[in-house]
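# Chains, contacts and geometry: an overview
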Amino acid sequence: MRTLHSFLLLAFAGILIVSGCKSGSGAQSSAGNSATPAARDTRIFEMRVYYAHPGKLADLENRFRTNTTRIFEKHGMTNIGYWLPLENPDNKLIYILAYPNREARDASWQAFGSDPEWKAVASKSEENGKLVAKVDQLFMETTDYSPAITLKQASPERTFELRTYTTTPNNLVNLDARFRDHTMGLFSKYGMENIVYFHPVAGQPGADNTLVYILAHKSQEAGLASFEAFRNDPEWIKVKAASEVKGGGSLTTKVESVYMKPTDYSPIK
């Protein structure tokens, strides 16, 4: 009996040891997975730029603040961010929505446009004239190196920068490689926060030669200082030169930058 009892104790201990090893292995695996980059966001994103009629930007903002964003959500649209350019002579409101796919986007907008509540809101807000003179739109998808979008509201509030790069022929792949392997890390080194990176979806203007991305800075002044330091970084100078040898010259023909402040109703600030 004593021998059988000892054997059972040893066997039970062995089970605990094996179980503990499996548990430890699982915890390690989970920790490893948490460090793995997030899976690519497969949603369709739409950037919309509204040009308000003179004197109507405040009314347009109030309509978004009190009704539009809520009605968007009601119809399955995800509000990502709303911004005003720091320099805004054209009375622009820039915002980004997300949808599961293009079909869902079209269905959501159809439902939104037919919504009796929206029709009443729009009619009331336009009693003294139309609020919007023009709308630009761009459908986008995230790049394979884009960080996951985090709808955080930082304190103090951040300044955002919308940057659009147009590449020389056939060099979008080389520009992507430079951002993926070097540029994003150097941006972080100099205090710039990578928010999201997009390409226009196929069929959109610039689909084969455009990179659109958003950075966050403490302020416009901080952003300008960060870029100055970035451009003078020896590693960046080396990387840029090597990429341009590979690409047969400059990778870009045009770089556009818009510094923006988030609106008070923006999910990301």
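Structural data are supplied above this passage.
What this report covers is the structure whose coordinates are included nearby. Model, not experiment: these values are computed from the prediction. (Residues numbered from 1 in each chain as written. Predicted model: local features only at pLDDT ≥ 70, side-chain atom pairs only at ≥ 80, totals over all residues. Heavy atoms only, no water.)

## Structural notes on the layout of surface pockets
Where empty space is left in the structure can be found by rolling a water-sized probe over the atoms. Of the pockets and cavities examined, the largest pocket occupies roughly 410 Å³. Looking at the largest pocket, it is lined by 16 residues, and the ones nearest its centre are Met47, Val49, Leu162, Thr164 and Glu256. Broken down by secondary-structure element, the contributors of at least two residues to the lining of the largest pocket are strand E1 (44–52), strand E3 (92–99), strand E4 (132–142), strand E5 (159–167) and strand E8 (252–262). Residues belonging to the lining of the largest pocket are distributed by class as follows: eight nonpolar, four polar and four charged. In this structure, the second largest pocket spans a volume of roughly 250 Å³. Looking at the second largest pocket, it is lined by 18 residues, and the ones nearest its centre are Tyr165, Arg178, Trp236, Lys240 and Val255. Every element with two or more residues in the lining of the second largest pocket is listed here: E5, helix H5 (172–189), helix H6 (220–231), helix H7 (234–247) and E8. (1 Å grid on protein atoms, 1.4 Å probe; cavity = no way out; pocket = protein on both sides within 12 Å on 5 of 7 lines; lining within 4 Å. Points joined across faces, edges and corners; volume = space filled by probe spheres on them. Helix = DSSP H or I, 4+ residues; strand = E, 2+ residues; numbered from the N terminus. Nonpolar A, V, L, I, M, F, W, Y, C, P; charged D, E, K, R; others polar.)

## Focus: the sheet that holds E4
If you walk around this closed barrel you meet the eight strands as E1-E3-E2-E8-E5-E7-E6-E4, and the pairing is antiparallel. Between one strand axis and the next, the sheet turns through 35° on average, direction left out of account. (Pairing = 2+ DSSP bridges. Axes fitted to C-alpha atoms, helices over the stretch in contact; angles between N-to-C directions.)

## Some thoughts on empty space enclosed by the protein
In the structure shown here, the tally under the stated rule is one cavity of 30 Å³ or more. Taken as a whole, the largest cavity holds about 50 Å³ of empty space. Lining the largest cavity are Ile80, Trp83, Ile96, Ile149, Ile195, Val196, Phe198, Ile214 and Ile268. Listing elements by their share of the lining of the largest cavity, those giving two or more residues are strand E2 (78–85) and strand E6 (193–200). The leading source of residues in the lining of the largest cavity is E6, at three residues. Across the lining of the largest cavity, the residue classes break down as nine nonpolar, no polar and no charged.

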